[in-house]
Amino acid sequence: MSAFDNARMAPRIGLSEEQAQLLDIAESFCRDKSPVDKVRALIEEEGGFDAAVWHEIAELGWLGIGVPENYGGIGLGMAELVPLVEHMGRSLMNTPFVPTVLAAQAVLRGGSEAQKEEVLRQIATGAAASLALCEDHADWNLQNLSVTASLQDGQLTLRGKKYLVLHAAAAQFVLASVALDGQAALLLIPADALAGRISREKIIDDTQRAYALDLDGLSLPETALMPTDLAGDALAHIEQAGSLLLAADMCGGAYACIDYTLDYLKTRKQFGKLIGSYQALKHSIVDAHQAYEKARSHLYSAAHIFGEQGEGDMAVHMAKAEAGEAYSFAADRAIQFHGGFGFTYDCDAQLYRRRAIMGCALYGDTRYHRRKIAALMF
Amino acid sequence: MADSDIEYDEQDLAAFKDAAVAWFGENTPRDVDFMLPLTFMEVGTDQQFNFLREWQNKVYEAGYLGAHWPKEYGGGGLHPAFQDAATRAMAQARTPIMLNAIGLNWTGPLLLDRGSEEEKQKYIKGILSAETIWCQGFSEPENGSDLGNAQTRAVKDGDDYVINGSKIWTTQGNYADYMILLARTNPDAENKYKGLSFFLAPMKGADVKGGSIETVPIKKLTGEYGFTQTFFTDARISADCLMGAEGEGWLIAMQTLEYERGARAGQAGGHVMMMSDPSDIIRLAREAKLNGKPAIDDPAVQEELVALMTEARSLGLNSRRDKIRPLAQDRPMSLALGSKLASTDFYQRLNAFAITLQGTRAAYYVGDENAHDNGLWQRGYLNSFSATIGGGTSQIQRNIIGEHVLGLPKS
Ligand SMILES: Cc1cc2nc3c(=O)[nH]c(=O)nc-3n(C[C@H](O)[C@H](O)[C@H](O)COP(=O)(O)OP(=O)(O)OC[C@H]3O[C@@H](n4cnc5c(N)ncnc54)[C@H](O)[C@@H]3O)c2cc1C
């Protein structure tokens, strides 16, 4: 009767000293480095992000936040990444930050000692990395793998294609999930092995970059294989960590998109009155705001108890489900409430709406996470 | 009010909490053979009233009500964390509600914050012990949401005020000893708000020096009683009943509403509404049959249940997050002003959904042997409107959030 107890237990939420500091720093950093004209300028560039900003992020030590000190990191946890990603979401900032820190988490959980030594240090000092998880079947279940690897004479041979690999073109390592002898396995693939196999995908969110990886016939040394006994746990961890960070990005986006819409409601006049005085708009934006507040509470609760078995997982599912719903609703209304201007590429509402769809498409949408909660609750 | 900065010992708090849990475990009346009100707004019979009055008195005497109010006026003088613990213990033990809600949670904190020394001495203890029952005379037949337009007249006459007019939806109006009354002292003020004054008005006895105050019970949508229309006919009360100065009525009324809506702290504590425990709906979904199978087997039902449970949890998370400064500063007052809307709408949807899990049994009501949980959900749903209408409707709450939190222009 876990659910029964849950409702009666005081809900758990908290903020560490470090989280509070990072919240402050991230707010001004993201605001300064990612004003919306910059976001729009980057849309026109092939790589989609500013290398100088990426460099600063590395200098600030943010890439090492989730990496233990003995591998060159700062030794904090997922909880401390949340305020950063939340503000990146508010500013629609796009860099390889999320795929890189998630790849680091995958190596941390699923890598051999040698792989950790090799990769984590580099990531902590600024190497971008990514995860190749999605497949043709479009299933969110990370264990559903039809891309295969076979091992013979110390050589791995791959079959199949991976999709939606964020910032693959910038990544110095890609971690790919494959089926090896019918079991899930993770491979650590260096960028040079992927030359000529990466093609940019046309995705709904113009602020981001995703690539397809053609792995068919790719041959890798056995050393690319991460310990197979850790793969299941590592994938479960990636799902949780990915969901948490996406929830953070979406919460941030929901806030910013409500803010953007409020500006319009306070300046645009029709029938001689500011349109924000009309309750059809006012009440609806209040509902969007209330949904955002709800999602943000779940976000910081999930960050606070991340990694706890049962409760922690449940909190992450709730956070991702609520963030997806809040962002989608807020951005949908944002387009509508800008009228004809809302239908233009110039209006920022579409940037948020597209990013919300992308955020739901990765690591599971609201319905998917609710089904996961149902499985834990009932 | 007890200073929330005062130090307290965690061990003392833990001991107090254990004692409270044990006390409510032992003393909560069980097997009451008549229907108990779910909220303070549903007190419709003398039997219910007398029972609840005695129960509140017992809880107060045990030290679990107003534990954090100043000792000199009858409180316990402890840190607010102590009363919070007692209130939680009360809710968890599902005890009957605290009767004197308007006294405990609106009038009391208002008096402690801005009342005169005499007013505090005179009223606070009776509020806690349920010796003196309070009602609220704000709404009028023609002026509800537009409270600022209230027209009940109070005319100064020597050492008295003479009241004429009518209030309506007066919860516990027929039982109350006192009313917090919003009345117009100056019809010619420069705007409608400035003509209002606030009274701590007697409802009965010798303090009503002349004329009459009459209360007429109104039957609610549940078929029960609980509120009245209140008629003032040349009712003469002492001028001492004026709280603050003439013309300050609106200001004081607004502060009262902040307590009522939970946007401002200081309440005596104790639960005044028996909210269904959200997880009860999971029990219901297991027991109730839909299309011949337990309702919970239906994936669509599961999804809705999860959404509701997630929402239930967010209510508690929101109020805790409100106390974590860096997570509550983007839009000041957002979480506090949003909580009434969020929770009252939630309970309404929860109860409405619960009814849909019952197949043909959805048709039954309290008192029928076929009713699921004796019609708890049906009654809960009908009652839920008391909270989405009373205390400022959900639409008015959206206006308030839109204007005061999001900075939108007035409608
Ligand atoms: C169970 C219960 C107990 C109560 N107890 C008390 C009590 O003890 N003392 C007391 O003084 N009052 C009490 N009330 C009264 C309550 O405060 C009023 O009913 C409430 O403020 C609404 O006023 P009204 O009934 O006049 O409705 P109206 O104001 O006439 O509203 C009718 C509808 O119009 C909507 N509406 C009105 N104005 C606006 C606007 N500007 N924008 C958008 N929508 C609007 C409302 O939301 C509502 O849906 C109680 C009410 C209930 C239901």
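Residues numbered from 1 in each chain as written. Chains lettered and ligands numbered in written order. Predicted model: local features only at pLDDT ≥ 70, side-chain atom pairs only at ≥ 80, totals over all residues. Heavy atoms only, no water.

Caption draft 1: Representation of the site of the ligand within the structure. The ligand sits among 19 residues. The nearest are Q279 of chain A together with S139, S145, W169 and T393 of chain B. The site occupied by the ligand is bordered by residues of chains A and B. Within the side chain of Q279 of chain A, a nitrogen or oxygen atom sits 2.7 Å from a nitrogen atom of the ligand. Contacts to the ligand include T393 of chain B, whose side-chain N or O atom sits 2.7 Å from an oxygen atom. Isolated, the ligand exposes 970 Å² of accessible area, and the fraction of that covered by the protein chains is 69%. Contributing elements (two or more residues each) for the shell around the ligand: β3 (160-171), α10 (376-389) and α11 (394-405) of chain B. (Near = heavy atom within 4 Å. Polar contact = N/O pair within 3.5 Å; in protein donor to acceptor, adjacent residues only side chain to side chain. Areas by Shrake-Rupley, 256 points an atom, 1.4 Å probe, with all protein chains shown as cover. Helix = DSSP H or I, 4+ residues; strand = E, 2+ residues; numbered from the N terminus.)

Caption draft 2: Molecular detail of the interface of chain A and chain B. Chain A puts 50 residues into the contact, and the matching count from chain B is 47 residues. Here chain A is connected to chain B by nine salt bridges. Its salt-bridge partner being E311 of chain B, residue K294 of chain A comes within 4.0 Å of it at the nearest N-O pair. One can count 20 residue pairs in polar contact (both at pLDDT 80 or more) joining chain A with chain B. Elements that contribute at least two residues to the side of chain A that touches chain B include exactly α1 (2-8), α2 (17-33), α8 (228-265), α9 (279-304), α10 (311-337) and α13 (366-377) of chain A. With 16 residues, α9 of chain A is the single largest residue contributor to the side of chain A that touches chain B. Of the residues that constitute the side of chain A that touches chain B, the class distribution is 24 nonpolar, 11 polar and 15 charged. (Contact = heavy atoms within 4.5 Å. Salt bridge = Lys/Arg side-chain N within 4 Å of Asp/Glu carboxyl O. Nonpolar A, V, L, I, M, F, W, Y, C, P; charged D, E, K, R; others polar.)

Caption draft 3: Looking closely at the sheet that holds strand β4 (residues 161-166) of chain A. Residues and elements named next belong to chain A. Judged by pairing direction, the sheet is antiparallel, and its three strands sit side by side in the order β4-β8-β7 without closing on themselves. Strands at the two margins of the open sheet, each flanked by one partner only, are β4 and β7 (198-200). With direction set aside, neighbouring strand axes in the sheet form an average angle of 30°. Sheet analysis places β4 next to strand β8 (residues 210-214), joined by four bridges and oriented antiparallel. What sits directly across from K161, in β8, is D214. (Pairing = 2+ DSSP bridges. Axes fitted to C-alpha atoms, helices over the stretch in contact; angles between N-to-C directions.)

Caption draft 4: Structural context of the packing of aromatic side chains. Throughout the structure, instances matching the rule amount to 26 aromatic pairs over all chains. Look at W23 of chain B and Y64 of chain B: their rings are 5.6 Å apart centre to centre, the planes differ by 55°, and that puts the pair in the tilted class. Taken as a pair, W23 of chain B in helix α1 (residues 10-27) and Y64 of chain B in the loop between α2 (46-61) and α3 (80-92) lie far apart in primary sequence, 41 residues in all. The burial state of W23 of chain B is the same as that of Y64 of chain B; both residues are buried. Where Y381 of chain B meets F385 of chain B, the ring centres are 5.3 Å apart and the plane angle is 80°; that geometry is what we call edge-to-face. Residue Y381 of chain B and its partner F385 of chain B are both found in helix α10; the two are separated by four residues, about one turn of the helix. We classify F385 of chain B as partly exposed; its relative accessible area is 26%. Taken together, the ring pairs connect Y8, F16, W23, F24, W55, Y64 and F82 of chain B into an aromatic cluster. Positioned above the aromatic ring of Y255 of chain A is the side chain of R90 of chain A, whose terminal nitrogen or guanidinium carbon lies 3.8 Å from the ring centre. Residue placement shows K220 of chain B over the ring face of F227 of chain B; its charged tip is 4.3 Å from the ring centre. (Phe/Tyr/Trp six-rings, centres within 6.5 Å; stacked < 30°, edge-to-face > 60°. Buried < 20%, exposed > 50% of the residue type's maximum accessible area, 1.4 Å probe, protein only. Lys NZ or Arg CZ within 6 Å of the ring centre and 35° of its normal.)

Caption draft 5: Summary view of empty space enclosed by the protein. All names here are of chain A. Per the stated rule, a full pass over the model turns up five cavities of 30 Å³ or more. Lining of the largest cavity is provided by 18 residues; of these, N94, V98, Q208, D249 and R355 occupy positions nearest its centre. Secondary structure elements with two or more residues in the lining of the largest cavity: α5 (78-90), α6 (97-110), α8 and α12 (349-361). In the lining of the largest cavity, the residues fall into 11 nonpolar, five polar and two charged. Along the wall of the second largest cavity there are 17 residues; nearest its centre are S34, L42, G48, M93 and N94. Per-element tally for the lining of the second largest cavity: the top contributor is helix α3 (residues 36-43), with four residues. (1 Å grid on protein atoms, 1.4 Å probe; cavity = no way out; pocket = protein on both sides within 12 Å on 5 of 7 lines; lining within 4 Å. Points joined across faces, edges and corners; volume = space filled by probe spheres on them.)

Caption draft 6: Expanded view of the packing of helix α9 (residues 334-356) of chain B against α11 of chain B. Residue and element names in this part refer to chain B. At a minimum axis distance of 10 Å, the contact between α9 and α11 shows a crossing angle of 160°. Here α11 runs roughly antiparallel to α9, going by the angle between their axes. For the element pair α9 and α11, the recorded crossing hand is left-handed. Within the contact between the two elements, α9 uses S334, L337, G338, K340, L341, T344 and D345 and α11 uses S394, Q397, R398, I400, I401, H404 and V405. (Parallel < 35°, antiparallel > 145°, perpendicular 65-115°, else oblique. Left-handed = near helix turned anticlockwise from the far one by under 90°.)

Caption draft 7: Quick look at the pairing of strand β2 (residues 148-152) of chain A. Residue and element names in this part refer to chain A. Pairing of β2 with strand β3 (residues 155-159), which is carried by five bridges, proceeds in the antiparallel orientation. Paired with T148 across the strands is R159, a residue of β3. Hairpin geometry of β2 and β3 is characterised by an intervening segment of two residues between the two adjacent antiparallel strands and by a positive phi of about 50° at D153. Strand direction decides the pairing type here: β2 and strand β5 (residues 173-180), joined by two bridges, are parallel. Residue pairing in the sheet places A149 in a bridge with L180 of β5.

Caption draft 8: Structural context of the pattern of salt bridges. The full count for this structure, using the stated rule, is 44 salt bridges over all chains. Note that R121 of chain A is salt-bridged to E117 of chain A, the shortest N-O span being 3.5 Å. Placement of the pair is R121 of chain A and E117 of chain A together in helix α7 (residues 113-124), with a separation of four residues, close to one helical turn. By relative accessible area, R121 of chain A is classed as partly exposed at 37%. The partly exposed category is assigned to E117 of chain A, whose relative accessible area is 37%. Among the ionic pairs, R264 of chain B bridges to D113 of chain B, the shortest N-O distance being 3.5 Å. Pair noted here: R264 of chain B is in the loop between α6 (249-260) and α7 (280-287) and D113 of chain B is in helix α4 (residues 101-114), with a separation of 151 residues, a long-range link. Where salt bridges share partners, they join K294, E322, E325 and R370 of chain A together with E311 and R349 of chain B into one cluster.

Caption draft 9: Quick peek at the domain arrangement of chain A. All names here are of chain A. On domain assignment, one finds that chain A holds domain 1 (3-127), domain 2 (131-228) and domain 3 (231-377). Measuring from the centre of the C-alpha atoms in domain 1 to the corresponding centre in domain 2 gives 22 Å. The partner domain 2 presents 19 residues to the 24 residues of domain 1 that form the contact. Contact between domain 1 and domain 2 buries roughly 1,700 Å² in total, counting both sides, with carbon and sulfur atoms accounting for 64%. The tally of links between domain 1 and domain 2 comes to one salt bridge. Across the pair R200 and E46 runs a salt bridge, and its minimum N-O distance is 3.1 Å. Listed by contribution, the elements that provide at least two residues to the side of domain 1 that touches domain 2 are α3, α6 and α7. Per-element accounting of the side of domain 1 that touches domain 2 gives the leading share, six residues, to α6. (Domains from an automatic or database assignment. Buried area = accessible area lost by both parts, 1.4 Å probe.)

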